Amino acid sequence: MPEIAEVARVVHYLRHHLVGKTIGKVLAPDDNNVFGKAGTSGSAFAKALAGKTVTEVGSQGKYFWVALSSPPHAVMHLGMTGWVEIRGVQTGYTRKLERTKGDDKEQWPPKFWKFQLETDGDPKVEVAFTDARRFGRIRLVDCPGEDIRKHSPLVENGPDPVVDKDIFTEDFLRQKMKSRHVPIKALLLDQSTVSGIGNWVGDEIMFQAKLHPEQYCDDFGDADIATLYKAIRYVCETAVEKLGDSDQFPEDWLFKHRWGKGKKDSPTTLPNGDKITHITVGGRTSCVVTSVQKKRGRTTIDSIEEESAVPEEGVESQFFDGKKKRQANSKKKAEAEVEERPSKRARAAKPKVVKQEVEKKEGKEPQPTSKTSRQSSSKPKKEAKPIEPPSDLGRRRSSRLNHIAA
């Protein structure tokens, strides 16, 4: 994923080729991810840029924007594979060019383009935004150009360690670290804390500071916080100054040797023999040199070991142990309920046996205890009503019967 250095490279080329130019033609087919998830559409984006003059290009962390002569302005995020191409200009850094096939380098418009634009005048400039995996985001922000950083999404992000030197101070970092309880690398990757630090920049910072990425951020002393702050400034400023070109990075950087995971015949050690290991911190694969990066406080691994420490042997993990305890407690509770409350079947059977024994002693025949007899005996029987002869009222007697009776 492009980070603070790669974004600085994009901004550098856009400033050089676009600022002061008027955009004449814009093509932007709609994309439900790139435009749609940012609350706009390709057609709205094209309409907003056409005929406008580019007044400024800026960045904050992983975001960058193109300010226009009138709002709305374009604010962009490269996502995982996003990039900005300029026709006839090599904007890509070394590692990106290595992943690009020969024929694709000269193709225009480039593969996976999401928008392309041309400027008026001569010579004209052609720019395209590409994104193969479509995790990039292009949005429109309707505000004065100087207030772009006061609006979403930039306002929710933390200070840029290179751009915002007056905000990102050692005291600022100390307060953020003491107010959270997460692994230090997870804190650095949180864009609401500091903007622009991604996976490789975070690993380089921890390596240069000689600190372990799993150690909790609130468990560092002042000396280590000061060292970490200097490492953040050093790595970010150097990477931005070199525009993300790894060929120009210092030779003692971990970046030069970190890319061998899972690759055949790739180095797994530093030139001095120190082993490079890979662990997961904050949901991301982290590159660590444990002989250099020492744990000086509590870490996530220590917390798990403390919680899962039990006297019994053979317990697989704290989660299995907790599950067994819950099952045992529920079983004991169920047994206690059975002892306190006899079942309905047991209570129903007891009076029948007593009744049969009493009848035997009195010399009576025991009554059958069928289901139907129980039901009938439990309900009182209704007395049979005598059948009354039909009343003669309302009936006309035959004249012949009256004559016989006389």
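For the structure itself, look to the data block above.
Residues numbered from 1 in each chain as written. Predicted model: local features only at pLDDT ≥ 70, side-chain atom pairs only at ≥ 80, totals over all residues. Heavy atoms only, no water.

## A closer look at unusual backbone geometry
In terms of backbone geometry, most residues other than glycine have negative phi values and most peptide bonds are trans.
Here is step 1 of the chain: In this structure, the amide linkage connecting Pro71 to the following residue, Pro72, adopts the cis form with an omega of 0°.
Here is step 2 of the chain: Mapped onto the elements, Pro72 comes out in the loop between strand E3 (63–68) and strand E4 (73–77).
Here is step 3 of the chain: If you check the backbone angles, Leu243 has positive phi at about 55° while not being a glycine.
Here is step 4 of the chain: Of note, Leu243 is situated in the loop between helix H8 (222–241) and strand E9 (277–281). (Helix = DSSP H or I, 4+ residues; strand = E, 2+ residues; numbered from the N terminus.)

## Brief notes about the sheet that holds strand E1 (residues 23–27)
Here is step 1 of the chain: Read across the open sheet, the four strands follow the order E1-E6-E7-E5; overall the sheet is antiparallel. Here the strands that pair on one side only, and so sit at the sheet edges, are E1 and strand E5 (83–86). Direction aside, the axes of adjacent strands within the sheet are offset by 20° on average.
Here is step 2 of the chain: Taken together, the five bridges between strand E6 (residues 113–119) and strand E7 (residues 126–130) define a ladder with antiparallel strand orientation. From the neighbouring strand, Leu117 faces E7, where its bridge partner is Val127.
Here is step 3 of the chain: Helix H1 (residues 4–18) contacts E5, E6 and E7 of the sheet and is inclined by roughly 30° relative to E5. (Pairing = 2+ DSSP bridges. Axes fitted to C-alpha atoms, helices over the stretch in contact; angles between N-to-C directions. Contact = heavy atoms within 4.5 Å.)

## Some words on the sheet that holds E3
Here is step 1 of the chain: Spatially, the four strands line up as an open sheet ordered E2-E3-E4-E8, and their pairing is antiparallel. Only two strands of the sheet have a single partner each, and these edge strands are strand E2 (54–60) and strand E8 (137–141). Between one strand axis and the next, the sheet turns by 20° as a mean value, whatever way the strands run.
Here is step 2 of the chain: Relative to E4, E3 runs antiparallel, the two being bridged by four bridges. Paired with Tyr63 across the bridge in E4 is His77.
Here is step 3 of the chain: The strands touched by H1 are E2 and E3; relative to E2, the strand with the most contacts, the crossing angle is about 170°.

## So, a nonpolar patch on the surface
Here is step 1 of the chain: Among the surface-exposed residues, Met1, Met80 and Phe135 lie close enough to one another that they form a single nonpolar patch of about 260 Å² accessible area.
Here is step 2 of the chain: Along the chain, the position of Met80 falls in the loop between E4 and E5.
Here is step 3 of the chain: Look at Met80 and you get partly exposed, because its relative accessible area is 33%. (Patch = residues over 30% accessible without salt bridge, like charges linked within 9 Å, V, L, I, M, F, W, Y side chains within 5 Å. Areas by Shrake-Rupley, 256 points an atom, 1.4 Å probe, with all protein chains shown as cover. Salt bridge = Lys/Arg side-chain N within 4 Å of Asp/Glu carboxyl O. Buried < 20%, exposed > 50% of the residue type's maximum accessible area, 1.4 Å probe, protein only.)

## Some thoughts on the pattern of salt bridges
Here is step 1 of the chain: Summed over the entire model, instances satisfying the criterion amount to 18 salt bridges.
Here is step 2 of the chain: Residues Lys256 and Glu251 are paired through a salt bridge, measuring 3.7 Å at the closest nitrogen-oxygen approach.
Here is step 3 of the chain: For Lys256, a relative accessible area of 28% gives the class partly exposed.
Here is step 4 of the chain: What you see here is one network of salt bridges that share partners, running through Glu170, Asp171, Arg174 and Asp222.

## A few points about the environment of Glu118
Here is step 1 of the chain: For Glu118, the position within the fold is in strand E6.
Here is step 2 of the chain: On the basis of relative accessibility, which here comes to 21%, the residue Glu118 falls in the partly exposed class.
Here is step 3 of the chain: Along the chain, Glu118 and Leu27 lie 91 residues apart, while their C-alpha atoms are 9.1 Å from each other.
Here is step 4 of the chain: When residues no more than four places from it in sequence are discounted, the contact partners of Glu118 are Thr22, Ile23, Gly24, Lys25, Lys124, Val125 and Glu126.

## Thoughts on the packing of helix H7 (residues 199–209) against H8
Here is step 1 of the chain: Viewed as axis vectors pointing N to C, H7 and H8 meet at an angle of 130°, and their least axial separation amounts to 9 Å. As far as their axial angle goes, H8 and H7 are oblique. Considering the relative orientation of H7 and H8, their crossing is right-handed. Contact residues: Trp200, Val201, Glu204, Ile205, Met206, Gln208 and Ala209 in H7; Thr227, Leu228, Ala231, Ile232, Tyr234, Val235, Cys236 and Ala239 in H8.
Here is step 2 of the chain: Looking at the contact of H7 with H8, its residues break down into twelve nonpolar, two polar and one charged. (Parallel < 35°, antiparallel > 145°, perpendicular 65-115°, else oblique. Left-handed = near helix turned anticlockwise from the far one by under 90°. Nonpolar A, V, L, I, M, F, W, Y, C, P; charged D, E, K, R; others polar.)

## Here's the deal with the packing of aromatic side chains
Here is step 1 of the chain: Under the definition given, this model contains ten aromatic pairs.
Here is step 2 of the chain: Pairing Phe45 with Phe115 gives two aromatic rings, centres 4.8 Å apart and planes at 45°, and the pair type is tilted. Separated by 70 residues along the polypeptide, Phe45 in helix H2 (residues 42–49) and Phe115 in strand E6 bring together distant segments of the chain. Both residues of the pair, Phe45 and Phe115, count as buried.
Here is step 3 of the chain: One aromatic cluster is present, formed by Trp200, Tyr234, Phe249, Trp253 and Phe255 through successive ring pairs. (Phe/Tyr/Trp six-rings, centres within 6.5 Å; stacked < 30°, edge-to-face > 60°.)

## Points about the side chain of Thr130
Here is step 1 of the chain: Looking at where Thr130 falls in the secondary structure, it is placed in strand E7.
Here is step 2 of the chain: Looking at Thr130, the relative accessible area reads 7%, which means it is buried.
Here is step 3 of the chain: When neighbours within four sequence positions are excluded, Thr130 is seen to be in contact with Thr81, Gly82, Trp83, Glu85, Pro110, Lys111, Phe112 and Trp113.

## What to know about empty space enclosed by the protein
Here is step 1 of the chain: For the structure shown, the criterion picks out two cavities of 30 Å³ or more.
Here is step 2 of the chain: There is about 70 Å³ of room inside the largest cavity.
Here is step 3 of the chain: Lining of the largest cavity is provided by Leu14, Leu18, Phe45, Leu49, Val66, Ala74, Met76, Val84, Phe115, Leu117 and Val127.
Here is step 4 of the chain: Those elements that provide at least two residues to the lining of the largest cavity are H1, H2, E4 and E6.
Here is step 5 of the chain: Classifying every residue of the lining of the largest cavity gives eleven nonpolar, no polar and no charged.
Here is step 6 of the chain: There is about 30 Å³ of room inside the second largest cavity. (1 Å grid on protein atoms, 1.4 Å probe; cavity = no way out; pocket = protein on both sides within 12 Å on 5 of 7 lines; lining within 4 Å. Points joined across faces, edges and corners; volume = space filled by probe spheres on them.)

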